[in-house]
Each structure stands twice: as structure tokens, then as C-alpha cells.
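# Residue-level structural notes
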Amino acid sequence: MPTFEELLERWDGEQAVIRRDRESGAWIFICMHSTRLGPAAGGTRMKVYDSPADGLEDAMRLSAGMTNKLAIADLGLGGGKTVLAVPKIPEGEERRALLRRYGDAVASLGGSFLTSSDVNTGEEDMDVIAERTEHVFGRTEANGGAGDPGPFTAVGVFHGIRASLAHAFGSGDVSGRTVLVQGAGSVGGALAELLGREGARVLIADVDAARAEAIAAEVGGSTVTPDAAVEAVIGLECDVYAPCALGGTLSVATVPHIRCRIVAGSANNQLAEPEAAELLRAAGILYAPDYVINAGGAIAITFLERQGRSRAEVDAALARIGDTLTEIYDHADAEGTTTAAAADAVAACRLSAGPVSKDDA
């Protein structure tokens, strides 16, 4: 396992804040990958890692994805991410105390980093962090926030799936299509409901069997055994595979097992290796770049909490995720490249152009 120094040496980001929280035994990693387009923004992930270095590496990787996501979403923000690498997931006052100390760390950055929820954190946690800093989004509606960003992300993924179906099959109608949703949490559960409402046949795979059964019953779908290997889950025949849990399910080892036409889900960092994108393309599988299709939550909380936009404007912006994916698919087809490379090219172009001034907007 590389050391902190080795990880930082090869990282292309701007700044990493590393703090040891002695009271809880946690490590706080705040990675600001880019501030070229605005303050670095990204969620706060709380997770148990095999080593602190694994937590730092995850924060670095995720922050780079946020740079591309927010560039393509055109939100006037740069990319960042926080990982709270904890020895165990804290609860009660222990959890609140850690979040307050973390809020102090965010406050010390003077607005150069803005955060919201991520894996194992939610809107109530954002309320706690907001006790110490104003640079936090995704608070509860009772505390002036936009609430859980998950359902907004799900809407964006739904629009992305429709655009992907239209590109692959000539019609964006989800009725009668089989969609495998892996991960039935805040995003995956809401996505399953949207798909079921529109007549899709929904398969649910989740480590929480009871949650999977409940959602499947609600949407008229069915479940996949929770202890099945990744290869077995993604090897199920379907039209769309929607990874909505943790990332890394698309690898050189797993792609040959995939039996779908489209991969379109909300998980971050779905490609375990860059080579997996070319394998998907060679297999005729259309891949919706994760940081494009999963931008709905970031768009919604930025619009509602930072820019004071209306829900109607949020809805329109979420629908445009499908339009953006269509442009990326067309670009990839024209250039004979992967959709991942096409998305990276669009993000790089926007980053190169720099922020738009108010006079140009």
C-alpha cells in the first residue's frame, strides 16, 4: 500500500487537507482537485477502510470525478471530496461530535470547499455540520436545505436511461424494458420507483434483502439474491444494468460477464480500470459515463440552495442530463472512441475554457 507521500506525489489535484481526529480515531481527508471553475465541491463520505491510505486514495479519485461532473454540469464549481475514514461507523453523540469537528475543518478553508452528503452521510448529518460552517449543502428542508439529494439524482439517471435507450434502440420508452438496479438505497430505490411507474420490469439487487424485497414489492419487480458474486449479478440478462451502490463493478474481469445493452447508473467510479471502457465498447454495450448521468443531486442542491432557483428550473436541468448524454454518445460515434473518452474530452474543454464571467453569461 502506498504511503500518503506517494499518493500525494502522483495526484494531479490542487490541495489535500489531512487531519487525524484523535477523539474518534478517524482520519479526515478533504481533497480539492480543482478550483478552476469555482470553489471545490463534493460530498462527505464516511466509511471504514482497510488502511488510512485507502481512504485518502478514495478521496483523491472521487474528487477528480467531481471536477469532471461539475464541469459538464456547468455549475460554476470545481471538484472536491471528503472521506471520513472511521474505525467504525459512529452513532449518536459520538457521530455528531465528529461531524462538528469536521465542520470546523471545512470552515477553516474559508469557502474554498463546499460539501454535501455521500455514502453513509445524510441530510441530518449536514444539519450538524452546518452548526459549524455555512459551506454545506443538502441540509434538511426544515433547516433551509433541499433535503436528500438522492431522489434528484434518481430523476437524472432516469432521464439518462431514456436517452440511452433512444440511442441504442431508437426509442426512449422504458415500458417493457428490463432494468437491473444494483443498490436500493436513496438513489436506487427512487430510480426503481420511477422505472416501475413507467412500466419497466425492475430487478433489484441489494445487500439488504429486506429493503430489496420491500422496493421490489412496491414497484412490481423481483429481487436478486444478495449474496451473489458481482459477476453473477451483472451477468443477469437485461436491457439496462444500473449500478447504484459503490463503484468499481466494471472491470476487465467483470465486463465479459455482462449481458445487457446499456450500463447506466448512479454509482461513482464505475470503471475499475480505464481499459474496461474499451471492453464495453467492443462488446457493443453503451456506457453512460457515471459523472454525467449521476449529476442530478449536485445540480439540484446547487440550484436550490446556492443559486435560489425554482423547482421547475431544477426539473428542466435534470432533463438536460439526457440531452448531454446524447451529445456525448454522438461524439463518441463520430470519433470512434469510448463514451468515457468522449465525456472526458467535453469536461477537459470546459475546464480549459475556464469560468464564464457574469458579462459573458
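## Points about the side chain of Thr-133
Position of Thr-133 among the secondary structure elements: in the loop between helix H4 (123–129) and helix H5 (150–169). Of note is the side chain of Thr-133, whose polar atom sits 3.1 Å from the backbone nitrogen of His-135.

## A closer look at the pairing of strand E7 (residues 201–205)
Within E7, 4 of the 5 residues are buried, which leaves the element mostly enclosed by the surrounding structure. Pairing of strand E6 (residues 178–182) with E7 involves 5 bridges; the strand directions are parallel. Bridged to Val-181 within E7 is Ile-204. Direction of pairing for E7 relative to strand E8 (residues 222–224): parallel, over a ladder of 3 bridges. Its bridge partner being in E8, Ala-205 is matched across the sheet by Val-224. Following the chain from E7 across helix H7 (residues 209–219) to the adjacent parallel E8, one finds a crossover that is right-handed.

## With respect to the pattern of salt bridges
Using the criterion set out here, one finds 18 salt bridges in the structure. Measuring nitrogen to oxygen at the nearest pair gives 2.8 Å for the salt bridge that ties Arg-132 to Asp-104. Taken together, the residues span a long stretch of sequence, with Arg-132 in the loop between H4 and H5 and Asp-104 in helix H3 (residues 92–107) at a distance of 28 residues. Classification of Arg-132 by relative accessible area gives partly exposed; the value is 38%. Classification of Asp-104 by relative accessible area gives partly exposed; the value is 33%. The network of salt bridges with shared partners includes Arg-45, Asp-58, Arg-61, Lys-81 and Asp-118.

## As for helix H13 (residues 339–353)
The end-to-end C-alpha separation of H13 is 21 Å, in line with the 21 Å expected for 15 residues at 1.5 Å each. Along H13, the residues classified as buried are Thr-339, Ala-340, Ala-342, Ala-343, Ala-347 and Leu-351. Two residues or fewer after H13 comes Gly-354, characterised by a positive phi angle close to 80°.

Thresholds applied
- Residues numbered from 1 in each chain as written.
- Predicted model: local features only at pLDDT ≥ 70, side-chain atom pairs only at ≥ 80, totals over all residues.
- Heavy atoms only, no water.
- Helix = DSSP H or I, 4+ residues; strand = E, 2+ residues; numbered from the N terminus.
- Polar contact = N/O pair within 3.5 Å; in protein donor to acceptor, adjacent residues only side chain to side chain.
- Buried < 20%, exposed > 50% of the residue type's maximum accessible area, 1.4 Å probe, protein only.
- Pairing = 2+ DSSP bridges.
- Right-handed = clockwise from strand over helix to strand, strands pointing away.
- Salt bridge = Lys/Arg side-chain N within 4 Å of Asp/Glu carboxyl O.
- Expected span 1.5 Å × (residues − 1).

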